[in-house]
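# Notes for the structure review
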Amino acid sequence: MATVSLRQEATELLQELIRVETVNPPGNETRAAELLREYLGDHGVESAMYAKVPERANLVARIPGNGTGPRLVLLSHTDTVLADPAEWELDPWSGELREGQIWGRGALDMKGQVAASAVAIASLAREGFEPGGDLIFAACADEEVGAGFGLQWLCQEHPEAVRSEYCVNEGAGDRLVLGGRVFYVCSTAEKMSSPFRIRVHGRSGHASRPAIADNALVKAAPLVELLGRFQDTPELGPEVEAFLRAVTGGVPAPDRAVEAAREVHLLAGDLIEPLLGTSVSPTQIVASRGRNVIPALCEVTVDCRILPERTQAEVEAQLRELLGDSDLDFEWLEGHGGTRSPLDTPLWDAVEAFVADTEPGAQVVPLLLSGFTDSHWLRDAFGTVAYGFFPMRTMEPELAARLVHSADERIEVEDLELGVRFLRHAAVEVGSLPSSP
Ligand SMILES: [Zn+2]
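These remarks concern the structure in this document. Predicted model only: the values in this text are computed from it and were never measured.

### Side note on the overall build of the chain
From N to C terminus, the chain includes 14 helices and 20 strands. On C-alpha atoms alone, the chain measures out to a radius of gyration of 24 Å, which is about the 22 Å that the 2.2 N^0.38 rule sets for 437 residues. C-alpha extents for the chain along the principal axes are approximately 85 × 50 × 45 Å. Counting only residues that meet the buried cut, the chain has 54% of its 437 residues in that class. Counting contacts in the chain only where the partners sit at least 6 residues apart, residues at least 24 apart contribute 78% of the total. Taken as a whole, the chain presents about 18500 Å² of accessible surface, with 49% of it coming from carbon and sulfur. Where the 37 positive side-chain charges of the chain centre and where its 68 negative ones centre are 5 Å apart.

### Some remarks on the pairing of strand S11 (residues 196-201)
Every second residue of S11 is oriented toward a common face, the buried set being Phe196, Ile198 and Val200 and the non-buried set Arg197, Arg199 and His201. As paired elements, S11 and strand S15 (residues 297-306) share six bridges and run antiparallel to each other. Bridged to Arg199 within S15 is Glu299. Across five bridges, S11 lies against strand S16 (residues 328-332) in antiparallel orientation. Looking across to S16, one finds that Arg197 is bridged to Glu331.

### Focus: the coordination of the zinc ion
In this structure, His77 (NE2), Asp109 (OD), Glu170 (OE) and Glu170 (OE) serve as the protein donors to the zinc ion, at separations of 1.9 to 2.7 Å. Here the zinc ion is ringed by four donor atoms whose angles at the metal span 52 to 149°, and the overall shape comes out irregular. When the donors of the zinc ion are listed by position in the chain, the intervening gaps give H-x31-D-x60-E. Of this pair, Asp109 sits in helix H3 (residues 107-126) while Glu170 sits in the loop between strand S7 (166-169) and strand S8 (175-178), placing them 61 residues apart in sequence. Since its relative accessible area comes to 12%, Glu170 is described here as buried.

### Here we look at the pattern of salt bridges
For the coordinates displayed, the defined rule picks out 28 salt bridges. Residues Arg56 and Glu29 are paired through a salt bridge, measuring 2.8 Å at the closest nitrogen-oxygen approach. Of the two residues, Arg56 is situated in the loop between strand S1 (47-51) and strand S2 (57-63) and Glu29 in the loop between helix H1 (6-19) and helix H2 (30-42); the sequence distance between them amounts to 27 residues. Using a relative accessible area of 7% as the deciding quantity, one classes Arg56 as buried. Classification of Glu29 by relative accessible area gives buried; the value is 0%. One salt bridge connects Arg305 with Asp303, and the closest N-O pair in it is separated by 2.9 Å. Classification of Arg305 by relative accessible area gives partly exposed; the value is 21%.

### Details of the nonpolar core
If you look at the biggest cluster of nonpolar residues, it comprises 66 residues, and the most contacted ones within it are Leu13, Leu36, Leu40, Leu72, Leu135 and Phe137. For this core, the leading source of residues is H3, giving eleven residues. Apart from residues lying up to four places away in sequence, Leu13 is in contact with Leu35, Leu36, Tyr39, Ala115, Ala118 and Val119. Within the second largest apolar cluster, 23 residues are counted, among which are Val185, Ala257, Ala268 and Leu367.

### Observations regarding the packing of H2 against H3
In the contact formed by H2 and H3, the axes pass within 9 Å of each other and the chain directions differ by 20°. Judged by the inter-axis angle, H2 sits roughly parallel to H3. In the packing of H2 onto H3, the handedness of the crossing is right-handed. Within the contact between the two elements, H2 uses Leu36, Tyr39 and Leu40 and H3 uses Val114, Ala118, Val119, Ile121 and Ala122. Its residues assigned to classes, the contact of H2 with H3 shows eight nonpolar, no polar and no charged.

### So, the side chain of Thr278
Summarising the element assignment, Thr278 is placed in the loop between helix H9 (266-272) and strand S13 (279-286). Judged by relative accessible area, which is 6%, Thr278 ranks as buried. Within the structure, Thr278 has its side chain in polar contact with the side chain of Arg310 (distance 3.3 Å).

### A few points about the packing of aromatic side chains
This model, assessed by the stated rule, comprises seven aromatic pairs. Plain terms: the ring middles of Phe196 and Phe330 are 4.7 Å apart, the flat faces sit at 15° to each other, and that makes the pair stacked. Here Phe330 lies in strand S16 and Phe196 lies in strand S11, a separation of 134 residues in the sequence. Under the relative-accessibility criterion, Phe196 is labelled buried at 0%. According to the relative accessible area criterion, Phe330 is buried, its value standing at 10%. Geometrically, the ring pair formed by Phe196 and Trp332 is edge-to-face, given 5.5 Å between the ring centres and 75° between the ring planes. Of this pair, Phe196 sits in strand S11 while Trp332 sits in strand S16, and the two are 136 residues apart along the sequence. An aromatic cluster is built from Phe196, Phe330 and Trp332, whose rings are joined through pairwise contacts.

### Here we look at the sheet that holds strand S20 (residues 410-412)
Sheet strands pair by backbone hydrogen bonding; their relative direction is either parallel or antiparallel. Reading across the sheet, the three strands line up as S4-S5-S20 and stay open at both edges, with antiparallel pairing between neighbours. The strands lining the two open edges of the sheet, one partner per strand, are strand S4 (97-98) and S20. Running over the sheet, H1 touches S4, strand S5 (101-103) and S20 and is turned about 15° from S5. Its contacts with the sheet put helix H14 (residues 413-431) on S4, S5 and S20, and the angle it makes with S20 is roughly 70°.

Cut-offs and rules
Residues numbered from 1 in each chain as written. Predicted model: local features only at pLDDT ≥ 70, side-chain atom pairs only at ≥ 80, totals over all residues. Heavy atoms only, no water. Helix = DSSP H or I, 4+ residues; strand = E, 2+ residues; numbered from the N terminus. Rg over C-alpha atoms; globule rule 2.2 N^0.38 Å. Buried < 20%, exposed > 50% of the residue type's maximum accessible area, 1.4 Å probe, protein only. Contact = heavy atoms within 4.5 Å. Areas by Shrake-Rupley, 256 points an atom, 1.4 Å probe, with all protein chains shown as cover. Lys, Arg positive; Asp, Glu negative; His and termini not counted. Charge placed at Lys NZ, Arg CZ, Asp CG, Glu CD. Pairing = 2+ DSSP bridges. Donors = N, O, S within 2.8 Å, 3.2 Å for Na, K, Ca; no water. Tetrahedral: all angles 85-135°; square planar, octahedral: opposite > 155°, others 65-115°. Salt bridge = Lys/Arg side-chain N within 4 Å of Asp/Glu carboxyl O. Core = buried A, V, L, I, M, F, W, Y, C linked by side-chain atoms within 4.5 Å. Axes fitted to C-alpha atoms, helices over the stretch in contact; angles between N-to-C directions. Parallel < 35°, antiparallel > 145°, perpendicular 65-115°, else oblique. Left-handed = near helix turned anticlockwise from the far one by under 90°. Nonpolar A, V, L, I, M, F, W, Y, C, P; charged D, E, K, R; others polar. Polar contact = N/O pair within 3.5 Å; in protein donor to acceptor, adjacent residues only side chain to side chain. Phe/Tyr/Trp six-rings, centres within 6.5 Å; stacked < 30°, edge-to-face > 60°.

This is the structure we're talking about:
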């Protein structure tokens, strides 16, 4: 085999992955899993497919440990959101390399990290790496929709494939310059995605005679306004507290937190603002199906994100009080996530050591995510310490945030290579730990 640099190897693998279209739905992730299985096999890494249905396989590969240390999983997902070629400057499935950037759907979210993880484990295998615990590569299906084909299913049906003490996943890695200092963000917790629906009842009637009916839509209107204005009592969890201590040099009172962060940089304030409490956003409303029929029922669907360790019951009590004793039903539609990993772990030390080495003077800060990643399934199933970290030094974080799930998604080759280096570093550090925590 010809010698190629890790940079070249990751670039080519990412290009191939982008060219395998895996828009979810329908996903068709098996094509990406097959490509990865072949690549890993060429480098001596055995892997296995786990699939609920044949076309939606998860791929799990490992370098077996000698049994003396904790396991680390490099976690990723192979599905992507859709792309409308008309919006794009280049074909979203071209994988074209242009001026140091690889273009295509999934380049940032998250085929770049899939490729970097695969190259990290393949290159370590070639070098004869012998970790204390298994080094696991898991490229899962169905993260973007979460219809039960991906990691959730894998944790239920094949837990031994992905059981691990540590995990590196997507979620963060942005390089922020705040108040003249450099910070790299590592996500260690997630809010619970917990949408709910309220049903407001009235009495139907002919729309030409409003007085004889009881219009559920009109009754719902003030409730929608109340929900839209909802402001939770601010609270600093451990992640936001550590973030503020690093960025502002102290821990402000919760009701001054956003202001204190903004004094350092506007972005710092924006980052923490949704992380101080429950967020509530009414997004959908359904009432009468006929223009001339006054609705007896109005349904309002509300996006809601709850802090880790708070329960739906606590939030429901709070919201029922807000809405008063209106004639309504309250229903939670789901509750996913809301888990956290501790900050004082060897994996955190590995992230810090990498950043200190890569950019002396830069500091790692933890972050709670307002969104949802697959890390939650591992934390719930095995108590895994799962962090989201894929360092990005070359592309500006504002640009990356605009490109994810949008047109012209692309990744800097520099960042891809940095990611490979970080994942190899994490694998070596965790692989040399003496025993499971
Ligand atoms: Zn993703």
